[in-house]
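Results of the structural survey
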Amino acid sequence: MHVGIIMDGNGRWAVERRLPRAFGHKRGASKVTEIVTACPDLGIKTLTLYAFSTENWNRAAHEVASLMKLFRGYMQSKFLQLVQNNVKVIFLGDSSPIKKVIVDQMRKLEEATEKNDGLTLNIALNYGGRDEILRAVQKFGMDASTGKANPKDLTVESFEKYLDTKGQKNPDLIIRTAGQQRLSNFLLWQIAYSELYFTKTTWPDFSVEELSQILMEFDQCGRTFGGN
């Protein structure tokens, strides 16, 4: 199955403990490793993590810088582990505003894991659902203008080939941590029929045990995709 997670609550976790917000983000990064490692045993084939949104640039400059440093450090420290554990890493989003040194590391990780066929790990970095759809429309428009595509032949399936998640199954389940009940511009096209689960647990406190319990509840729901 495909599970998407909006990893919310890192800053709140730190503030509640009178720590700098950066401490919460660092704790959240360690939680990523824990959850990713557990996915194969839980039957999760694809995991999409919302790491940094197109709106997150509006945060304080020092917090954004801290997050970017954390992303780069995570990729460097987990590089071999992800390769050896048969994880295929794909980055979703628009990488153009991100520093070249980080983008180079992203592409290196994608290339090193592209033949892996275990867990697919999508990392949404500078990602926004609306932005993704706009970029997909622009790509289709370019193909249409050069005769590579015909607007009359456009279908849901053919349009999805222009999305960042092309070739992937849409999410079965979306989980958001830390209590907020909104999607925050996450995978807006893909989650048309995803089940939604909101937990009050902050991301740094989220556990494999809670994820397992959520999956058990998911298994009990009857999904009809509008057919009933």
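Before reading further, recall that the structure is shown in the block above.
Thresholds applied
Along each chain, residue indices are assigned from 1 in the same order as the chain's sequence is written. Under the rules for a predicted model, residues below a pLDDT of 70 receive no local features and side-chain atom pairs below 80 are neither given nor counted, while totals for whole chains, interfaces and linings still include all residues. Note that the side-chain values use all heavy atoms of the structure and ignore hydrogens as well as water. Helical segments are the DSSP runs of H or I of at least four residues, strand segments are the runs of E of at least two, and each set is numbered from the N terminus. Multiplying 1.5 Å by the residue count of a helix minus one yields the expected span of that helix. Burial status follows relative accessibility: with a 1.4 Å probe on protein chains alone, a residue under 20% of its type maximum counts as buried, one over 50% as exposed, and anything between as partly exposed. What the arc covers is the set of directions going from the helix axis to the C-beta atoms. Note on definitions: a residue-residue contact is assigned when non-hydrogen atoms from the two residues lie within 4.5 Å. The criterion is simple. A nonpolar core is a set of buried Ala, Val, Leu, Ile, Met, Phe, Trp, Tyr and Cys residues joined through side-chain atoms within 4.5 Å. When a carboxyl oxygen of Asp or Glu lies within 4 Å of a side-chain nitrogen of Lys or Arg, that pair is called a salt bridge. Should DSSP find at least two bridges between two strands, the strands are taken to pair. Interaxial angles span 0 to 180 degrees and are taken between N-to-C directions of axes, which are lines fitted to C-alpha atoms, for helices over the stretch in contact.

As a further point, take helix 5 (residues 129–145). With 17 residues, helix 5 ought to run about 24 Å at 1.5 Å a step, and its terminal C-alpha atoms sit 24 Å apart, in line with that. Those residues of helix 5 not exposed but buried are G129, E132, R135, A136 and F140. Along the axis of helix 5, the buried positions cluster into a sector of 140 degrees, meaning they face one direction only. Across from the buried face of helix 5, at angles greater than 90 degrees, the exposed residues are R130, L134, Q138, M142 and S145. Here the buried face of helix 5 lies against strand 4 (120–127) and helix 6 (156–160). One or two steps after helix 5, the chain reaches G147, where phi turns positive at roughly 85 degrees.

Membership of the largest hydrophobic core comes to 41 residues, with the highest contact counts inside it found for I5, I35, L47 and L121. The leading source of residues in this core is helix 3 (residues 61–84), at 8 residues. With near-sequence residues (within four places) excluded, I35 lies in contact with I5, L47, W203, F206, S207, V208 and L211. Core analysis: the next-biggest nonpolar cluster, separate from the first, contains 10 residues, L92, A124, I174 and L187 among them.

This paragraph deals with the pattern of salt bridges. If charged atoms from side chains of opposite charge come close, those side chains can pair. With the rule as written, the count across this model stands at 11 salt bridges. Residue K100 is joined to D104 by a salt bridge in which the shortest nitrogen-to-oxygen separation is 2.8 Å. Linking K100 with D104, this pair stays in helix 4 (residues 100–113), spanning 4 residues, or about one helical turn. We classify K100 as exposed; its relative accessible area is 62%. Residue classification places D104 among the partly exposed residues on the basis of a relative accessible area of 38%.

Moving on, we get to the side chain of T177. When you line up the elements, T177 lands in the loop between strand 5 (173–176) and strand 6 (195–198). Not counting the four nearest positions on each side in its chain, T177 is found in contact with I6, M7, D8, T199, T201, T202, W203 and F206.

As a further point, take the sheet that holds strand 4. Strand order in the open sheet formed by 6 strands is 3-4-2-1-5-6, and the pairing between neighbours is parallel. Each having just a single partner strand, strand 3 (88–92) and strand 6 make up the two edges of the open sheet. On average, each strand axis in the sheet is inclined to that of its neighbour by 20 degrees, with strand direction left out of account. Relative to strand 4, strand 3 runs parallel, the two being bridged by 5 bridges. What sits directly across from I90, in strand 4, is N122.

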